[in-house]
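# Descriptive analysis of the structure
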Amino acid sequence: MASAFDINVIEEESVENLVYEGIEGGFQFRIRFTAYRGSHLSCIESFQLKLDGKEVNKAQIRFCLNGKEFLIDQLKDLYQEYWFIQNSAIIKVMNGEALRGTHQIDVRYSFRIPYTGYFGSYMVQEGIGSRSVNICA
């Protein structure tokens, strides 16, 4: 189920290349949580990222929040890490390529709403964001 907040998932003008000592490491951008209140990272059930229509391997994605960096597969265990709605998460794509020119970035994640867990069944919402970016080299 999409949310009214989806238009703000990928923050405008937040995409930047990651270059370490002259070596291209990838790129990063900021995303926002799409509910009216925050949640524990363990409530994120799925996370998918596409660049120009091609899915990015989740091993290349880092989810950064609260000054920490996590692999997507670690999120399910992070019940002590809380994503406040006013905080942006940084998504790093460590694919060894800086972005140049125009690209389409698509993010889709689903999250359990923990206080709706009646009789073992939870309400699940999605955050869906798309942004076209033009990166000057």
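Check the entry above for the structure.
A brief structural summary. As the structure is a prediction and not an experimental result, all values here were calculated from the model.

In this structure, Glu13 is a non-glycine residue whose phi angle is positive, near 55°. For Glu13, the location among the structural elements is in the segment before strand E1 (16-20). You will see that Glu21, though not glycine, has its phi angle at about 50°, which is positive. One can find Glu21 in the loop between E1 and strand E2 (23-31).

Within the open sheet, the 5 strands sit side by side as E1-E2-E9-E6-E7. Their pairing is antiparallel. Among the strands making up the open sheet, the edge pair consists of E1 and strand E7 (68-71). The mean inter-strand angle of the sheet, taken between neighbouring strand axes irrespective of direction, is 30°. Across 5 bridges, the pairing between E1 and E2 is antiparallel. When the sheet's bridge partners are listed, Asn17 is paired in E2 with Phe27.

Let us now look at the packing of aromatic side chains. Both the distance between ring centres and the angle between the ring planes are used here to describe each pair of aromatic rings. Taken as a whole and assessed by the stated rule, the structure comprises 10 aromatic pairs. Relative to Trp83, the ring of Phe33 lies with its centre 5.0 Å away and its plane at 55°, an arrangement referred to as tilted. Remark: Trp83 occurs in strand E8 (residues 82-83) and Phe33 occurs in the loop between E2 and strand E3 (39-40); sequence separation between them is 50 residues. For the pair shown, Phe33 and Trp83 are each scored as buried. Ring geometry for Tyr109 against Phe111: centres 6.0 Å apart, planes inclined by 35°, an arrangement best described as tilted. Note on Tyr109: relative accessible area 1%, which makes it buried. Three or more aromatic residues link up through ring pairs in this structure, and these residues are Phe33, Phe47, Phe63, Trp83, Tyr109 and Phe111. The residue whose ring lies beneath Arg112 is Tyr122, and the NZ or CZ to ring-centre distance is 5.9 Å.

Relative to the elements of secondary structure, Tyr122 occurs in strand E11 (residues 121-135). In the structure, Tyr122 is positioned 11 residues away from Phe111 in sequence and 9.7 Å away in space, judged by C-alpha atoms. Leave out the neighbours within four places in its chain, and Tyr122 touches Arg112, Ile113, Pro114, Thr116 and Gly117.

Rules and cut-offs
Residues numbered from 1 in each chain as written. Predicted model: local features only at pLDDT ≥ 70, side-chain atom pairs only at ≥ 80, totals over all residues. Heavy atoms only, no water. Helix = DSSP H or I, 4+ residues; strand = E, 2+ residues; numbered from the N terminus. Pairing = 2+ DSSP bridges. Axes fitted to C-alpha atoms, helices over the stretch in contact; angles between N-to-C directions. Phe/Tyr/Trp six-rings, centres within 6.5 Å; stacked < 30°, edge-to-face > 60°. Buried < 20%, exposed > 50% of the residue type's maximum accessible area, 1.4 Å probe, protein only. Lys NZ or Arg CZ within 6 Å of the ring centre and 35° of its normal. Contact = heavy atoms within 4.5 Å.

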